[in-house]
Amino acid sequence: MGPPSLDKIRALQRNPRNIRNLCILAHVDHGKTTLADCLVATNGIISSRLAGKLRYLDSREDEQSRGITMKSSAISLHYTNGDQEYLLNLIDSPGHVDFSSEVSTAVRLCDGAIVVVDAVEGVCPQTQVVLRQAWLENIRPVLVINKIDRLIVELKLTSQEAYTHLQKILEQVNAVTGTLFTSKVLKEQAEREEEEEEELGGDQACDWSSRQEEADDSLLYFSPDQGNVVFASAIDGWGFSIQQFAHIYNQRMGIKAEVLLKTLWGDFYLDAKAKKIMKGAQAKGKKQLFVQLVLDNIWSLYDAVVTRRDKEKVEKVVTSLGIKVLARDLRHSDPKVLLSAICSQWLPVSQAVLLMVCEKLPSPLEMAAERVEKLMSVGARRFDSLPEHTQELKSTFLRCSSGEKEPLIIFVSKMFAVDAAALPQNRPRPLTQEEMAHRKELARQRHADRMAADSVDSSHSERTPQEGLPAQLDTAKVESLTLEGSKPEEKEAQQTFIAFARVYSGVAKKGQRVFVLGPKYDPSLGLSTLPEGVSSSDCVSDVPHLSCCSMESLYLLMGRELEELEEVPAGNVLGIGGLEESVLKSATLSTSPACPPFTPLNFEATPIVRVAIEPKHPSEMPKLVRGMRLLNQADPCAEVLIQETGEHVLVTAGEVHLQRCLDDLRDRFAKIEFSASKPIIPFRETVVRPPKVDMVNEDLGKQQKVAIIHKVKEEAPHSRLSDTLNVDSSGLVTLTTPNRLATVSVRAFPLPPEVTSLLERSTELIRTLEQINMSLREGRSLDVSPRTLEAIAGFKVQLESLLQGRKWRDVVEHIWAFGPRRYGPNILLNSVQSYQRPSLWQCLAGGVKAGEAGAQAAVIRDLDNSIVSGFQLATLSGPMCEEPLMGVCFSVEKWDIQSSFPPQHQDPLEEDCILRGTSGGRKGKGSGAEACEDGPIGAGLRPEAAADCYGPVSGQLIAAMKEACRHAFQAQPQRLMAAMYTCEIMTTADVLGRVYGVLGKREGRVLHEEMKEGTDMFIIKAVLPVAESFGFADEFRKKTSGLASPQLVFSHWEVISSDPYWVPTTEEEYLHFGEKADSANQSLKYMNAVRRRKGLYVEEKIVEHAEKQRTLGKNK
């Protein structure tokens, strides 16, 4: 079968009922790209002999060299089943954890997925991740159990043992799916119960198990008898489903196909005497029907071809199957060639998979209503709360209509870069006969002219040599050479961006103008602002997060190539050119302003690895900046930022991802030489409860706490601040501003780990809460959805449940702010007895009237903000190594403002106003608020009083608050927190000891290990600091001879147990560690490395004894 013509594909695009948008998902090295090769080979795009070796969809050089997929690639395939013709838009996605963001971009555009599982390794960590991603996007998966040949060749299992092993793999996959389904049912039921309680006003009893049983999960699980499982070996080119064998045995043995479909998989056996299919094979010690009729045949074929190489038996098999094998394949020295030749005709894997895809995966017309609502519900807004015009678009989605009047809706999941030379319009086209004849004539004419010129030159040189002529000729030659040499620079390969997108409604046409809807675009605001009947061709500038652009070109994605299209109907995947100025990474395009932006993509990988980049030549900095901007646009997961220090930083998901980004930046985007720093490892600073034992497990009592407080007092600077700082024995730090006007007392203590993790998870919610409070303080009205208020109320309840005990009584009501950046995992508490500020949770109590909020803020705003700003600065960079704080609670226990100005600078009335204002600043009410309505505290002062030689009072208070927080932090036992990877390793028993050796060397900690049943494989789960992970995978492969490969996923932050400031104090510690205690302190090593990188002071001895060592032998 030859490649499908472009006209054929255009015709198939107009029939959405026969379109299948699908992606291939799997763990790394489970055979996705090999399977994709087999499917691509059916269309004649590549040779079937090269399937699995060419890896056609891995078009990058580094993908081919590393042997892993690094980006999602799409290709359109034509498949005929009977009288039906199908168009399959296939997307191959990466399996490596560093590139899981590419999986998210692929899953969003699809209606179904092929999940590939290795028959030996079974369900791996990334298999669970891709199943969860498919579940979150509401797409239907089918299963391919690949590499079954490994059960025969490597594990040498019998067909009976293989059947048991395959059953276990199916159970594992179904267990993951069942867990996701159960959690969804329970979540929906909880929401329904809450609504019923609100309506009925009482507690209702709920039977969770009955609700779970009522839910329909018939289409959820994988089972061969349902037709959604294929058993395959893609590298050998064979694969089958139960249906194929049912059809084969129906023709050969006359058994009804319906009966075989129900009994081929399961505990059934064939009774030869009774000639019946009976149940209870395992109890009676009989071979299951699947083993007897299916696996035994495959096992005997491998035995004849690969193991024993029995030519006679091979000939019998070939004859009985009725297939033709070429003589060169029979004579080939590699038995796999013969095996592939037989299997690809007997059980072609592409036939089994494509048939399953067409029958079991939904078309764009069958999109679930639940998925549409989920896509259209942005943030915390429910679908019901969207405007009426927006809700009407749901039916447009479900119809997937390409009518002229239908609004165009497109989602762009990512932008990818291609060379401008690879675009269809720039590709050299074949010449016609007339053009070839014309060019031949021109070439003949040029040749004749050149010969004539040469003869003239030779006659001139023979007669009279002229001195000027050669110089002119030389100049002409040099000019022509210069022009020729400059041409390649002009034609230097430029990168152009193509949007990877799908049309959900309407028809996308070349040159059409559309609205670009930003992620924060509100359709209700757009509909109310824009005039009715406005089109995307009109220029729109007054609506926030809404812009216009034109789709300059449309492309059909064909793996490594692009084909130009004039229009693309609904339900198809396409590439769009000309959007690079309007779309950064992903966006929603529509011709209707009522369309909401789609929900953001779910990224599993967190960017954690940072490097600072600078060009080798400073003059090339603009090229680097432009290159990093292009890289940021081309990679869905990479982040580019400029730090406060001016460094250009690239943030990536892991070591392999980092290497790919640096290669792209050097070779494609910036095209300059640059130097990248060693990875910048993020740390966090925290405090812990005082330890009860010392470093040799001896009881400490109160010595440690006293020692730390004395240390803080000794280390207090002896400048003009020395008499303004006071630290008492309980850790309370009191600090006065330089002009002695304000005094702040702050205490620091650690938050429970559960609270810290809750704050980390709820950053978006805290940010929303801060925006609501800001608008209330400014007197603006903000429309908040009930769902957002429910989420905030739930967050508050969770905080109250986690902060229990006498120490945390009523703490949640006294929260002043979160930090850093107002949404971080640290808390500022208002413990000032006489200061009652507006509650952080005022939006839950129906909100505060704008007038009241404004009146309260008028007295306290300036200095209140100064306290919060000081806290934000303190939590953004801690005292240990200027890294952000985490899990620390600062309590402001005293905040006094005094007036100490001489009387001649102000009249008595003004002084009274200042004193009353000061009182109002502490109490938030009283006569001070009425007397000083004009502004914040200090507004009544004369300029020389409000801003003295030390600067404005607010600035002094910010600095004082920041220093107080830092000293309060230092008054407690300080610790560093390291970012941790979860490391999943699958290895054999032979190299288990080496695995533990590499983990131990890199400060790793094994959590648990288990042996995979039926194999000699061990699954080890460990945690590893990100700081120790660089070069870890390479070392792992070297030590284990490639038998083990780790998967690293960012997991959490963990406190490093050792104290970076520890010195031996007790006699036992001196005996154990020595006087210098110079054994490796991991925490100190990390802290000094960060301080050194940031240019901070590092206390270390470079040389201890600068004398040459003399020994008895060489005492000269």
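The rules behind the values
Starting afresh in each chain, residues are numbered from 1 along the sequence in its written order. Local features in this predicted model are restricted to residues of pLDDT 70 or higher, and side-chain atom pairs are both shown and tallied only at a pLDDT of 80 or more, whereas totals for entire chains, interfaces and linings draw on every residue. Water and hydrogen atoms were dropped before computing side-chain values, which therefore reflect all heavy atoms in the structure. Elements are defined by DSSP. Helices are runs of H or I of four residues or more, strands are runs of E of two residues or more, and each kind is numbered from the N terminus. For every residue, the accessible area obtained with a 1.4 Å probe (protein chains only) is divided by the maximum for its type, and the residue is called buried under 20%, exposed over 50%, and partly exposed between those limits. Should any heavy atoms of two residues lie within 4.5 Å, those residues are considered in contact. Methods summary: accessible areas were calculated by the Shrake-Rupley approach with a probe of 1.4 Å, and residue burial reflects only the protein chains presented. Following DSSP output, two strands are said to pair if at least two bridges run between them. To get an axis, fit a line to the C-alpha atoms, keeping to the stretch in contact for a helix; angles then go from 0 to 180 degrees between the N-to-C directions. Working definition: roughly parallel below 35 degrees, roughly antiparallel above 145 degrees, roughly perpendicular at 65 to 115 degrees, and oblique for all remaining angles. We call a crossing left-handed when the near helix sits turned anticlockwise from the far one by less than a right angle, and right-handed when that turn is clockwise. Side-chain classes follow a simple rule in which Ala, Val, Leu, Ile, Met, Phe, Trp, Tyr, Cys and Pro form the nonpolar group, Asp, Glu, Lys and Arg form the charged group, and the remainder, Gly included, forms the polar group. In summary, the pairing rule links any two rings of Phe, Tyr or Trp, Trp by its six-membered ring, whose centres are within 6.5 Å, and it sorts them by plane angle into stacked for under 30 degrees, edge-to-face for over 60 and tilted for everything else. Think of it as a cone above the ring: NZ of Lys or CZ of Arg counts as a charge over the ring if it is within 6 Å of the ring centre and within 35 degrees of the ring normal. A pair is scored as a salt bridge if a Lys or Arg side-chain nitrogen falls within 4 Å of a carboxyl oxygen belonging to Asp or Glu. For every residue, the pLDDT score states the predictor's confidence, bounded by 0 at the bottom and 100 at the top. Only buried residues count toward a nonpolar core. Its members are Ala, Val, Leu, Ile, Met, Phe, Trp, Tyr and Cys residues joined through side-chain atoms within 4.5 Å. Think of a polar contact as two N or O atoms within 3.5 Å of one another; within protein, one of them needs to be a possible hydrogen donor and the other a possible acceptor, and neighboring residues in sequence only count if both atoms come from side chains. Each residue after the first adds 1.5 Å to the expected span of a helix.

Draft legend 1. Representation of the overall build of the chain. The secondary structure content of the chain amounts to 35 helices and 36 strands. Taking all 1116 residues of the chain together, 48% fall into the buried category. Expressed as a percentage of contacts within the chain between residues at least 6 apart in sequence, the contacts between residues at least 24 apart total 75%. As displayed, the chain has an accessible area near 55,300 Å², and 51% of this comes from carbon and sulfur atoms.

Draft legend 2. Structural context of the sheet that holds strand β27 (residues 742-750). Across the sheet, which stays open at both edges, the 6 strands sit in the order β25-β26-β27-β30-β29-β28 with mixed pairing between neighbours. The sheet is open, and its two edges are formed by β25 (725-727) and β28 (815-819), each paired on a single side. Geometrically, the sheet is characterised by an average inter-axis angle of 20 degrees between neighbouring strands, direction not taken into account. Relative to strand β30 (residues 888-897), β27 runs antiparallel, the two sharing 9 bridges. Following the sheet pairing, T743 is matched in β30 by D896.

Draft legend 3. Region of interest: the packing of helix α11 (residues 289-307) against helix α14 (residues 335-346). Viewed as axis vectors pointing N to C, α11 and α14 meet at an angle of 150 degrees, and their least axial separation amounts to 9 Å. Classified by the interaxial angle, the pair formed by α11 and α14 is roughly antiparallel. For the element pair α11 and α14, the recorded crossing hand is right-handed. Here N297, I298, L301, Y302, V305 and V306 of α11 lie close against α14, whose contacting residues are P335, K336, L338, L339, I342, C343 and W346. Of the residues belonging to the contact of α11 with α14, the class tally is 11 nonpolar, 1 polar and 1 charged.

Draft legend 4. Structural detail: the packing of aromatic side chains. All chains considered together, the criterion is met by 27 aromatic pairs. Through successive ring pairs, a cluster of aromatic residues spans Y163, F231, W238, F240, F245, Y249, W265, F290, Y302 and W346. Its end group placed over the ring of F674, R666 keeps NZ or CZ at 4.7 Å from the ring centre.

Draft legend 5. Looking closely at the pattern of salt bridges. Under the defined criterion, the tally for this structure stands at 39 salt bridges. The partner of D329 in a salt bridge is R49, with the nearest N and O atoms 3.1 Å apart. Of this pair, D329 sits in helix α13 (residues 327-331) while R49 sits in the loop between α2 (32-41) and α3 (61-66), placing them 280 residues apart in sequence. According to the relative accessible area criterion, D329 is buried, its value standing at 4%. For K147, the salt bridge goes to D118, with nearest N and O atoms at 3.7 Å. Of this pair, K147 sits in the loop between β5 (140-146) and α6 (149-153) while D118 is found in strand β4 (residues 112-118), placing the two residues 29 residues apart along the sequence. If you follow the salt bridges from partner to partner, you end up with D118, K147, R150 and E154 in one network.

Draft legend 6. Looking closely at unusual backbone geometry. The omega torsion across G819 and P820 is 0 degrees, close enough to zero to call that bond cis. Relative to the helices and strands, P820 resides in the loop between β28 and β29 (826-830). If you check the backbone angles, D29 has positive phi at about 65 degrees while not being a glycine. As for its position among the elements, D29 is in the loop between β1 (19-26) and α2. With a phi angle near 60 degrees, R821 is a residue other than glycine that sits in the positive phi range. Here R821 is to be found in the loop between β28 and β29.

Draft legend 7. Quick peek at the sheet that holds strand β20 (residues 609-615). An order of β21-β22-β20-β23 is seen for the 4 strands of this open sheet, with the pairing classed as antiparallel. Each edge of the open sheet is held by one strand with a lone partner, namely β21 (639-642) and β23 (674-676). Neighbour-to-neighbour, the strand axes of the sheet open up by a mean angle of 30 degrees, direction not taken into account. Bridge count for β20 against β23 is 3 bridges, and the pairing is antiparallel. Within β23, the residue paired with I613 across the bridge is A676. Sitting on the sheet, helix α21 (residues 621-634) is in contact with β20, β21, β22 (648-652) and β23, with an inclination near 25 degrees to β22. Against the sheet, helix α22 (residues 655-669) makes contact with β20, β22 and β23, and its axis sits at roughly 135 degrees relative to β22, the strand it touches most.

Draft legend 8. Quick look at the confidence of the model for the chain. Per-chain confidence: the chain averages 80 in pLDDT, with 82% of residues scoring 70 or above. Ignoring residues within four places in sequence, the model shows residues 464-492, a span with pLDDT below 50, making 2 contacts including any to other chains. Here residues 847-859 is modelled with pLDDT under 50, and outside its nearest four sequence neighbours on either side it reaches 17 contacts, counting other chains as well.

Draft legend 9. Layout of the pairing of strand β35 (residues 1017-1025). The buried count for β35 comes to 8 of 9 residues, which makes it a mostly enclosed element. Strand direction decides the pairing type here: strand β33 (residues 974-988) and β35, joined by 9 bridges, are antiparallel. By the bridge assignment, E984 is partnered in β35 with K1021. Pairing of strand β34 (residues 1005-1011) with β35, which is carried by 6 bridges, proceeds in the antiparallel orientation. Bridging from a neighbouring strand, V1006 pairs with A1022 of β35.

Draft legend 10. Structural context of the nonpolar core. Counting 104 residues, the largest nonpolar core has I114, I576, L579 and L650 as the members making the most contacts within it. Looking at which element gives the most residues to this core, the answer is helix α15 (residues 349-360), with 7 residues. Once residues within four sequence positions are removed from consideration, L650 is found in contact with V609, R610, V611, I613, M628, L631, A638, E639, V640, L658, C661 and L662. Among the nonpolar cores identified, the runner-up in size contains 58 residues, and A119, W265, L301 and V314 belong to it.

Draft legend 11. Region of interest: the side chain of Q1082. By the secondary structure assignment, Q1082 is in helix α35 (residues 1082-1094). At 3.2 Å, the side chain of Q1082 forms a polar contact with the side chain of E1028. Here the side chain of Q1082 touches Y1086 through a polar contact of 2.9 Å, side chain to side chain. Residues in contact with Q1082, not counting those within four places in the same chain, are E1003, E1028 and S1058.

Draft legend 12. Local environment of the side chain of D62. With respect to the element layout, D62 can be found in helix α3. Among the polar contacts made by the side chain of D62, one reaches the side chain of R60 at a distance of 2.8 Å. Apart from residues lying up to four places away in sequence, D62 is in contact with M70 and R660.

Draft legend 13. Layout of the pairing of β30. Along β30, 7 of the 10 residues are buried, which leaves the element largely enclosed by surrounding structure. Where β29 and β30 come together, 4 bridges link them in parallel fashion. The partner of I827 across the bridge, within β30, is C889.

Draft legend 14. Molecular detail of the packing of helix α32 (residues 992-1001) against helix α33 (residues 1032-1039). Following both chains from N to C, one finds α32 and α33 inclined at 150 degrees, their axes separated by 10 Å at the closest point. In terms of orientation, α32 lies roughly antiparallel with respect to α33. Handedness of the α32/α33 crossing: right-handed. On α33, the residues touching R994, V995, V998, L999 and K1001 of α32 are F1032, E1035, F1036 and K1039. In terms of residue class, the contact of α32 with α33 is built from 5 nonpolar, no polar and 4 charged.

Draft legend 15. Fine view of the environment of F245. Relative to the elements of secondary structure, F245 occurs in helix α9 (residues 242-253). In this structure, the C-alpha to C-alpha distance between F245 and L347, residues 102 residues apart in sequence, is 9.6 Å. In contact with F245, other than residues within four places in its own chain, are F240, L264, L293, V294, W346 and L347.

Draft legend 16. Region of the structure containing helix α25 (residues 763-777). The end-to-end C-alpha distance of α25 is 21 Å, a good match for the 21 Å that 15 residues give at a rise of 1.5 Å each. Among the residues making up α25, those that are buried are I766, L769, E770, I772, N773, S775 and L776.

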